[in-house]
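Understanding the architecture of this molecule
Next come the chains, spelled out residue by residue.
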Amino acid sequence: MTELWEGGVDAEPIVGADGWIAEVVRRSRCGEEEVRQVLAAESVRPPTGWSTGRHTLEVRGVHFAGIKQLRDAPPAPFSFATAIGPGVSGFGTHEVNDAGKSSFLHIILWAIRGRTDIQDDVKKWLRGVLVELAVDGERMACVFSIHNRRPRGMVWLLAPDAELPWDGLRQASDEIVRTAFEASGDPTVATPELTEEINRILRPYVQHELASFSSGGDMERVMDGIMTSRLGFESIPSWGARRESDRIDESDGTMGRQGWPTWSGALLISDPSIKVVLGEETFAAARLLQVYLGSPWAPVAATAQAHVKQLENRISVLTRQAEQASTAHSGSLESLHHEIEQIDASLAALSPAPDPVQLGQLAGELQQASAAYAQANAVWLERSEAYGNTSKLLESAEADQAALAEAAHTRRFWHALKPTCCPRCETDVTPERWAAEKSGSCSLCASDLDLDLEADQEQEVAAASPQDLHQLLTAGESIDLDSLDDLTQTRLAILQLEEALAQEERALDDAKRQREHAAAVLAKARSQLESIDTSVAERRMALQLRRAELSGQLSERRGAKVALFSQQIDALRRRLKIVTAAEAVSVDRRGADQSELLAKVNEQLTAIGQHLGVSQLTRAELDGGCRMAVTKGGTTVAFSRVNVGERLRLKIAVVAALLRVGKEAGVTRHPGLLILDSVGREETNPAHVARMLEELIQLTEEIPGLQVIVTSAHGAYLTDALGPDRTYLAQPGHTLW
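1. Focus on the overall build of the protein
Of the regular secondary structure elements, the protein holds 20 helices and 16 strands. Taking contacts inside the protein between residues at least 6 apart in sequence as the whole, the part at least 24 apart equals 72%. Total accessible area on the protein stands at roughly 37,900 Å², and carbon and sulfur atoms take up 50% of it.

2. Brief notes about the pairing of strand 5 (residues 138–147)
The element strand 5 is largely enclosed, with a buried count of 8 among its 10 residues. For strand 4 (residues 126–135) and strand 5, the ladder comprises 8 bridges, and the chain directions are antiparallel. Paired with V131 across the bridge in strand 5 is C142. Connecting the antiparallel pair strand 4 and strand 5 is a turn made up of 2 residues, with D136 showing a positive phi of about 50°.

3. Concerning the pairing of strand 11 (residues 617–622)
With 5 bridges joining them, strand 11 and strand 12 (residues 628–632) adopt antiparallel strand pairing. In the sheet register, A620 faces strand 12, and the bridge partner there is V630. From the end of strand 11 to the start of strand 12, which pair antiparallel, there are 5 residues, and C626 there has a positive phi angle of about 65°.

4. Describing the sheet that holds strand 3 (residues 87–92)
Taken in spatial order, the 5 strands of this open sheet run 10-14-15-3-16, and their pairing is parallel. Two strands close off the open sheet at either side, each with one partner strand: strand 10 (268–269) and strand 16 (727–729). Bridge analysis of strand 10 against strand 14 (residues 673–676) gives 2 bridges, and the strand direction is parallel. Bridge pairing in strand 14 links L268 to I675. Contacts from helix 3 (residues 101–113) reach strand 3, strand 10, strand 14 and strand 15 (707–712) within the one sheet, and its direction differs from that of strand 15 by about 150°. Helix 20 (residues 715–722) rests against strand 3, strand 15 and strand 16 of the sheet, and its axis sits at about 155° to strand 3.

5. Some points on the pattern of salt bridges
One pass over the full model with this rule turns up 25 salt bridges. For R139, the salt bridge goes to E132, with nearest N and O atoms at 2.3 Å. Each member of the pair, R139 as well as E132, is classed as buried. Where R619 meets E621, a salt bridge forms, and the shortest distance between an N and an O atom there is 3.8 Å. When salt bridges that share partners are traced, they join E23, R26, R27 and D588 into one network.

6. Observations regarding the packing of aromatic side chains
Two measures describe an aromatic ring pair: the distance that separates the ring centres and the angle between the ring planes. Going through the model one piece at a time under the given rule, you end up with 15 aromatic pairs. The interplanar angle of 20° and the centroid separation of 5.1 Å between the aromatic rings of F64 and F80 together place this pair among those described as stacked. A residue pair is termed long-range when its members are at least 10 positions apart, and F64 in strand 1 (residues 57–68) and F80 in strand 2 (residues 76–83) qualify at 16 residues. The class for F64 is buried, based on a relative accessible area of 0%. Judged by its relative accessible area of 2%, F80 is buried. Taken together, the ring pairs connect F64, F78, F80, F91, F104, W125, Y728 and W737 into an aromatic cluster. A cation over a ring is seen here: K123 above W110, with NZ or CZ 5.7 Å from the ring centre. One cation-aromatic arrangement involves R515 over W380; the distance from NZ or CZ to the ring centre is 4.5 Å.

7. Observations regarding the nonpolar core
Core analysis: the biggest nonpolar cluster contains 105 residues, and F64, F104, L278 and M628 have the highest contact counts within it. By residue number, the principal contributor to this core is helix 18 (residues 644–665), which donates 11 residues. When neighbours within four sequence positions are excluded, F64 is seen to be in contact with F78, S79, F80, F104, I107, L126, G128, V129 and W737. Counting residues in hydrophobic clusters, the runner-up holds 27 residues, among them V24, L39, L311 and V585.

8. Topic: the side chain of D677
Tracing the chain through its elements places D677 in the loop between strand 14 and helix 19 (686–702). Side chain to side chain, D677 and S678 meet in a polar contact 3.2 Å long. Among all residues touching D677, those that are not within four sequence positions of it are K101, S102, L105, I269, S270 and T711.

9. Here's the deal with the packing of helix 3 against helix 7 (residues 216–230)
Packing of helix 3 against helix 7 brings their axes to within 7 Å, and their N-to-C directions diverge by 70°. Here helix 3 lies roughly perpendicular to helix 7, going by the angle between them. Contacts from W110, A111, I112 and R113 in helix 3 reach M219, E220, M223 and M227 in helix 7. The residue makeup of the contact of helix 3 with helix 7, split by class, is 6 nonpolar, no polar and 2 charged.

10. Topic: the sheet that holds strand 7 (residues 206–213)
With antiparallel pairing, the 6 strands of this open sheet are ordered in space as 2-1-4-5-6-7. Taken across any chain shown, the strands that pair with only one partner, and hence form the sheet edges, are strand 2 and strand 7. Averaged over all pairs of adjacent strands, the angle between their axes in this sheet comes to 15°, without regard to strand direction. The pairing of strand 5 with strand 6 (residues 150–158) spans 8 bridges and is antiparallel.

11. Some details on the side chain of S678
Looking at where S678 falls in the secondary structure, it is placed in the loop between strand 14 and helix 19. In this structure S678 touches K101, S102, T711 and S712, once residues within four positions along its chain are discounted.

12. Some remarks on unusual backbone geometry
If a residue is not glycine, its phi is most likely negative; likewise, a peptide bond is most likely trans. For D136, which is not glycine, the phi dihedral falls at a positive 50°. Positionally, D136 belongs in the loop between strand 4 and strand 5. Of note in the backbone geometry, Q616 takes a positive phi value of approximately 65° without being a glycine. You can see Q616 is positioned in the loop between helix 17 (560–611) and strand 11. With a relative accessible area of 56%, Q616 lands in the exposed category.

13. Here we look at a negative patch on the surface
There is a patch of like negative charges on the surface, built from E395, E398, E498 and E499. Among the elements of the structure, helix 11 (356–415) and helix 15 (486–530) are those that each provide at least two residues to the negative patch. With respect to the helices and strands, the residue E498 is situated in helix 15.

14. Section: the environment of R649
Examined against the element boundaries, R649 turns out to sit in helix 18. Residues R649 and G609, 40 residues apart in the sequence, show an inter-C-alpha distance of 6.3 Å. At 2.7 Å, the side chain of R649 forms a polar contact with the backbone oxygen of L612.

What counts, and where the lines are drawn
Residues numbered from 1 in each chain as written. Predicted model: local features only at pLDDT ≥ 70, side-chain atom pairs only at ≥ 80, totals over all residues. Heavy atoms only, no water. Helix = DSSP H or I, 4+ residues; strand = E, 2+ residues; numbered from the N terminus. Contact = heavy atoms within 4.5 Å. Areas by Shrake-Rupley, 256 points an atom, 1.4 Å probe, with all protein chains shown as cover. Buried < 20%, exposed > 50% of the residue type's maximum accessible area, 1.4 Å probe, protein only. Pairing = 2+ DSSP bridges. Axes fitted to C-alpha atoms, helices over the stretch in contact; angles between N-to-C directions. Salt bridge = Lys/Arg side-chain N within 4 Å of Asp/Glu carboxyl O. Phe/Tyr/Trp six-rings, centres within 6.5 Å; stacked < 30°, edge-to-face > 60°. Lys NZ or Arg CZ within 6 Å of the ring centre and 35° of its normal. Core = buried A, V, L, I, M, F, W, Y, C linked by side-chain atoms within 4.5 Å. Polar contact = N/O pair within 3.5 Å; in protein donor to acceptor, adjacent residues only side chain to side chain. Parallel < 35°, antiparallel > 145°, perpendicular 65-115°, else oblique. Nonpolar A, V, L, I, M, F, W, Y, C, P; charged D, E, K, R; others polar. Patch = residues over 30% accessible without salt bridge, like charges linked within 9 Å, V, L, I, M, F, W, Y side chains within 5 Å. Lys, Arg positive; Asp, Glu negative; His and termini not counted. Charge placed at Lys NZ, Arg CZ, Asp CG, Glu CD.

Next comes the structure, spelled out in structure tokens:
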């Protein structure tokens, strides 16, 4: 299911801003409570705590080192370091192009913006970078190493009175990269000790670490966080349309954010051939102008605009999904109907099912036969156990009888013996002792032999026959067991057990016959039931179950999914109406704030353009979309139609006009740093370059905190206009670094 929006429903409704809310309510024709809730959910809020104070950004110095790999020269270590003062500073060569001027500026911007457009080969040469910055006088140093073209480093907060030893940094870094290269002979050798040494030299000037980063993405986020808050900017949502080849319709795109990397685009003028009035990117020019004109409603209008685009995209996506669902839904319903018809045909083609009454009767007989067999089997098991127990008792009694008979025979055997001596001391038995034994005393120990009892027992043993015992049992009189000797008692028990065992054997045979009969009945009942084919009934039941399932799906799907998409689209359209109204109200308020300022900017723009040497200029006018109309020689043309040199002057004039008007109105947002690359490359008249530089110097004198850094291959122009103290020139025939 496609969600209506991303987590906004839990946002607290907007409080206050009654006038703005009332205007949105009027334009959207929605209730106030709903308007406050929806705008909060879409993060479209009125401005709060808008700062109009001037903030400044300065570059105090730059240092970088590495190993160059040129096509026509051997690899060479390099180390560059210089302080950069306020006002206008120039860096140039003596008519040498491709000499590192643009790379020098892009290294500075890398530290400022957290991202870079520096060429990959130069990025590969670099090993370490240090750029000192000051934001409203707060000094900081961005230090990072470069390995595999990836930056890794930190931002230090410096002491207010720190004076960094730029020459010492240059010498120390030169020694490190040169030693590493000479030791390895490898121009790609890593030098991790380089940034370690830079940080060691900086340590006496450092108060604490502000942030650290370990990749290009980290660095961009770190510098965005540091600069945005200090310079009074905001991070604003921005909707980016996809490339025409990739998008499905006009609303297709993605939501991103515009922060310091975008706002800092107005600091650089590097390629006048780019036909953008402010910054270097066409899509950001209008937003830059709105932000730098200083209206608190500019971020609100931009946020509302981005969310309008996002809502339009969501509606477009849901509409496409609804159309697809409708098509798929129709096909799905048709498929369900078709399958139900097939099942009905299969049911009709099945042969008649067996007689359910007969099946029930046979199943009942099988159940009864199973129960009868289980009972007969239990009786047979019980009789088997009883027979086994009686057999064990009989075996035990017979063993007792054998033992008693053996004892009697042993006794008769030993009494028949005539001992001649004592078995202990071997004393002879005297005739007197033998004579005493005849009278009933033992010839060895003189104890009474009880010869009469033994004689009686021998007679009884000899007289007790099986027939006598059987007669004793069947006499019908009670038997006094104590009057019988042990052997007779045992024989009597054996006789009883033999009769019991015979009875158990007859009962076991009877139980076995009953069990075998029950098994035969069970087998017959099972065979009769299995002979009937039940597969037709099973097939019929399976088809009927499937038909019931499909009928339920058919009932559930009729219109439900398409209706759900319609509900979501309606809800989003209502939200879009509210956010669109908020955008319109905010744009009106932004326009009211900026119309007067824009008129003043246009006045300054024309005057500064004339001072910078735009030939025959009578009027230069910006509109709110950052489009410029240029009137010269009685003809008005678009900014893109003037020549490259004039575009450069007008781009400088725009920034200067924003700074002047902002200073007068107290709402300037530009931080006052302007970086110009390769000044004079489009000029054939040295006087035009000199005039431009003089005008830049005058601007820095008029606007406190304005710093301009320029590069040029015409080093002599820089020296003539700025003086040697403000100019860093390479040696004749050499590159800048």
